[in-house]
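# Inside the fold
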Amino acid sequence: QEQCRGRWPEQCAGRRCPYTMAREKGGIASEGGEMEALVDRMGATTASPLDRLAGYSGKNYRRGQACFLLLLFACVSVLILRYEEIGEWFSAHEEDVETKPDDPDRESKWGFPDFSLPSAVSTVTDWFKGGDKGEGVGRLSDEARRSLPDLLKALSTARIRIDEMIEADYGEYSFVFSRNETMKGTGIWWPSEKSLSRLKRRMKRKIIEAQLRGGGENDEETVKFTWVTGGHSASAAHGDLMEQSYDVTLLKAAEVAFDALDVTLKSKHYGMGSMGSFELGLCQDEVYGLDIDILNWDFGMTDGRNYWWYQLWVDQAGLHPTFPILFTNNDARKNMNDDCEKRGQGAFNVQWKELPRNLFPDSDTHPNPSSLPRGVANYMCGGQAEQTNKCKDEKFDTKWCDCRGKVSWHPGWKDHLFMGRFMALFLVENLIDAVKEMRERDLSLLSPSENDTSSLAGVPSLSGEYLNHLLAEEEADRQLFQESTVSDNIGSGDLMGEGNWKKILRGNPICHSLRLPNQARFDGIIDGVVATEAAPGSYYSGVDQHYKWNTLPKPGPPSANDSLKSAISSLRPPWMMATDQEMRKPMKYYGYENGCNLTVSHDFRDGFVVRHQDDWMGDIYPLDSEVEAFSRGKYEREGFIIMCDGQCFFSNCNPGGQRWEMKHVGLPEKNGNVSILVDDKPVTGAVALMSDCYFLVGEGGNPNWGPGTANGRKGQYEIKFKVERPGMIHVSSLIVA
């Protein structure tokens, strides 16, 4: 009994020992044996199996010991003989174990989706072995830099960082940027799920490209996702610093998520003061560049009710080499985006009046507005953003820098911050959904349907085959656009003849433009001078100004000292004129006492100039470098030439004297003040398409100048200019369509 109590103290307390009870029931126990099965059946033991094995003695003990040694020998033998295969299996499945976040208390609070998907394998890519690329299930081999679970984990960490950024500016009001608000479909609206699918497809493409071949140190090797804003002075952040613009605040937040996926987010802040979309709609390739993923239109204030300008914009975007997703900062063009989606384009409306600003407290009625977070304090007053009382007083915060444009119709820094962060979180939510869909797709391949006979059966998401599938889908949408009916909403375009204007809508105009910002100028396509990107928002420094009013050369024949040469050997090309003389360098350069070391102006109305005293000037347009960059392999033009007057505000053209506009073009004998020859044929007049842009017509009012193939040229025209009376012409863009 004493020995029993020593071994089963809990069971023996106050009653007889199970060992004795077992003996009395007729159980057979060897010396020191305990009748294990019977005791277990009586619920009498809590000892571990190893403890029980140690208590065995005699025949049973020796038998158990022999079995244990045989089992151990067999396991060691298998490990020795199959160690390579076992090692390979563990390597391929090292991420199968579900892991918890490093700090569970720091999980995203604002709508980060549930990533707790089944984890039978790390990715289908890792699981599938055997078969060359394109055979059977396909195989990514070793080209993928990281697996989808890796990307999801990195994205989760990135989202936490973004949440912290939002909370630093908005505190308890950070919920305004939650998934419930950004994906609600009101502040940012989309016609149907097709547009969302097209946006996420573009994101998936970039993710796959980054994992297959991206991530190099050189910029050319990095996979980029490019956001471009074209718009007026409000979008250009006039009155604010560029770093406060919604393009840059969007970039600073969203780039954290894109970086986590090895994709570089670019945000091009290319708004221009007082500009409408007509001229720039014809110059998208040249001004905004050839690599655009999202093209954001923000011309509502300057375009007004000229809806046909927007039609031109979206049609040219549909022909852009990268077929960008469309964003529109304007409520009135919502229905037009519905049509864009039906034609194969992805289209979204940022609805200014529907954005959830009303969720922020009104600082007029708040008991202590100064206690509110920096992005909220004195932002909303009387139900309006930055318009009255303290909200108006604190609208602009440019510190010691003097920024022009501090007017009521330009947003202040808090509204730019809100807009940028809201659009950034919309992009981030869709980026998360894109990765999640890829992961779910791969997991679904583990249980394939017997009826799935598609070419993608078994093809993992991080593969060249799936990337080609996404590209084929995009090409089908592009084809849908190209085959769609051209809109009848052509406004003043009918002055060229309805058929002619529709050719321009679906044509490939090449634009020789000197406006800034301008990617063709930054890349040296205009003058061979390549600029250097110096700040977020893709602002470039080192753009050659060439000439100012007080540095224009004297009239005369071409000189070896001319910075630019004409393709017409006997003539000089029109002067490249830096119209706005100041604000191109940090403010301290201009003698500001506080030494503002920031460049506060980024858009300039540069143009080319011909003076009365210059006699004939000219060149062949488009330039050879422009043909090479922007012709898309089509070297014959429809034969239309459009010229847009440069804008001269704040007396910035006064040194040039009388400025003749394109409406003054005509034959000298008919009182034309400006003579133009196209391939030595006289221009008899210029017909206004809008207030600043005109198409040139010849004899009989004919707007067609032929295919531009004279003398072996590639859709190019020899164009000469002469100002017949004292004064000058100042042209911002010459467009050949």
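Remember, it's a predicted structure, so these values are computed and weren't measured experimentally.

## Focus on the environment of Pro369
- Position of Pro369 among the secondary structure elements: in the loop between β6 (347-350) and β7 (380-381).
- Measuring from C-alpha to C-alpha, the distance between Pro369 and Lys390 comes to 9.9 Å, with 21 residues separating the pair along the chain.
- The contacts of Pro369, once residues within four sequence positions are left out, are Ser363, Ala377 and Asn378.

## As for the nonpolar core
- Grouped together as the largest cluster of nonpolar side chains are 71 residues, with contacts concentrated most on Phe177, Phe327, Phe348, Phe360, Phe418 and Phe426.
- Among the elements that line this core, the one with the most residues is helix α19 (residues 413-444), at 16 residues.
- When neighbours within four sequence positions are excluded, Phe426 is seen to be in contact with Thr182, Met183, Ile188, Trp190, Leu196, Leu199, Phe327 and Phe348.
- Within the second largest apolar cluster, 48 residues are counted, among which are Cys283, Trp313, Leu326 and Phe640.

## Comments concerning the confidence of the model for the protein chain
- Averaged over every residue, the pLDDT of the protein chain is 83; residues scoring 70 or more account for 78%.
- This model gives residues 86-107 a pLDDT under 50, and the stretch forms 19 contacts once residues within four places in sequence are excluded.
- With pLDDT under 50 throughout, residues 109-142 is counted as low confidence; its partners more than four residues away or in other chains account for 83 contacts.

## Here's the deal with the packing of helix α16 (residues 307-319) against helix α17 (residues 334-342)
- Running from N to C, α16 and α17 cross one another at 25 degrees; their axes reach a closest spacing of 11 Å. Considering the angle they form, α16 stands roughly parallel to α17. When you trace α16 past α17, the crossing you get is right-handed. Contacts between α16 and α17 involve Tyr307, Tyr310, Gln311 and Val314 from the former and Met336, Asn337 and Cys340 from the latter.
- Taken together, the residues of the contact of α16 with α17 break down into five nonpolar, two polar and no charged.

## Comments concerning the pattern of salt bridges
- Under the defined criterion, the tally for this structure stands at 38 salt bridges.
- With its nearest N and O atoms 3.5 Å apart, the salt bridge here joins Asp169 to Arg421. One end of the pair, Asp169, is in helix α9 (residues 148-170); the other, Arg421, is in helix α19, and 252 residues separate them in sequence.
- Given the relative accessible area of 6%, Asp169 is considered buried.
- Its relative accessible area of 6% is what places Arg421 among the buried residues.
- A salt bridge links Arg713 to Asp679, with the nearest nitrogen and oxygen atoms 2.6 Å apart. One end of the pair, Arg713, is in the loop between β20 (693-697) and β21 (717-723); the other, Asp679, is in the loop between β17 (674-678) and β18 (681-682), with 34 residues separating them in the sequence.
- Residue classification places Arg713 among the buried residues on the basis of a relative accessible area of 13%.

## Examining the state of the cysteines
- Within this structure, the stated rule accounts for three disulfides.
- What pairs with Cys283 in a disulfide is Cys511, and their sulfur atoms sit 2.1 Å apart. Disulfide Cys283-Cys511: torsion about the S-S bond near 70 degrees, hence right-handed. Of this pair, Cys283 sits in the loop between α13 (277-281) and α14 (284-288) while Cys511 sits in strand β9 (residues 510-513), placing them 228 residues apart in sequence.
- Cys381 shares a disulfide with Cys391; S-S distance 1.9 Å. Judged by the sign of its S-S torsion, about 75 degrees, the cystine formed by Cys381 and Cys391 is right-handed. A residue pair is termed long-range when its members are at least 10 positions apart, and Cys381 in strand β7 and Cys391 in helix α18 (residues 389-393) qualify at ten residues.
- You can see Cys403 has no disulfide; the closest cysteine sulfur is in Cys401, sitting 6.1 Å from it.
- For Cys403, a relative accessible area of 3% corresponds to the buried category.

## Remarks on the sheet that holds β18
- Taken in spatial order, the four strands line up as β14-β21-β17-β18 in an open sheet, and their pairing is antiparallel. Looking along the sheet, the strands with just one partner apiece sit at the ends: β14 (617-621) and β18.
- Here β17 runs beside β18; their pairing, made up of two bridges, is antiparallel. Bridge assignment links Leu677 to a residue of β18, and that residue is Pro682.

Rules used in this analysis
Residues numbered from 1 in each chain as written. Predicted model: local features only at pLDDT ≥ 70, side-chain atom pairs only at ≥ 80, totals over all residues. Heavy atoms only, no water. Helix = DSSP H or I, 4+ residues; strand = E, 2+ residues; numbered from the N terminus. Contact = heavy atoms within 4.5 Å. Core = buried A, V, L, I, M, F, W, Y, C linked by side-chain atoms within 4.5 Å. Buried < 20%, exposed > 50% of the residue type's maximum accessible area, 1.4 Å probe, protein only. pLDDT = per-residue confidence, 0-100. Axes fitted to C-alpha atoms, helices over the stretch in contact; angles between N-to-C directions. Parallel < 35°, antiparallel > 145°, perpendicular 65-115°, else oblique. Left-handed = near helix turned anticlockwise from the far one by under 90°. Nonpolar A, V, L, I, M, F, W, Y, C, P; charged D, E, K, R; others polar. Salt bridge = Lys/Arg side-chain N within 4 Å of Asp/Glu carboxyl O. Disulfide = S-S within 2.5 Å. Pairing = 2+ DSSP bridges.

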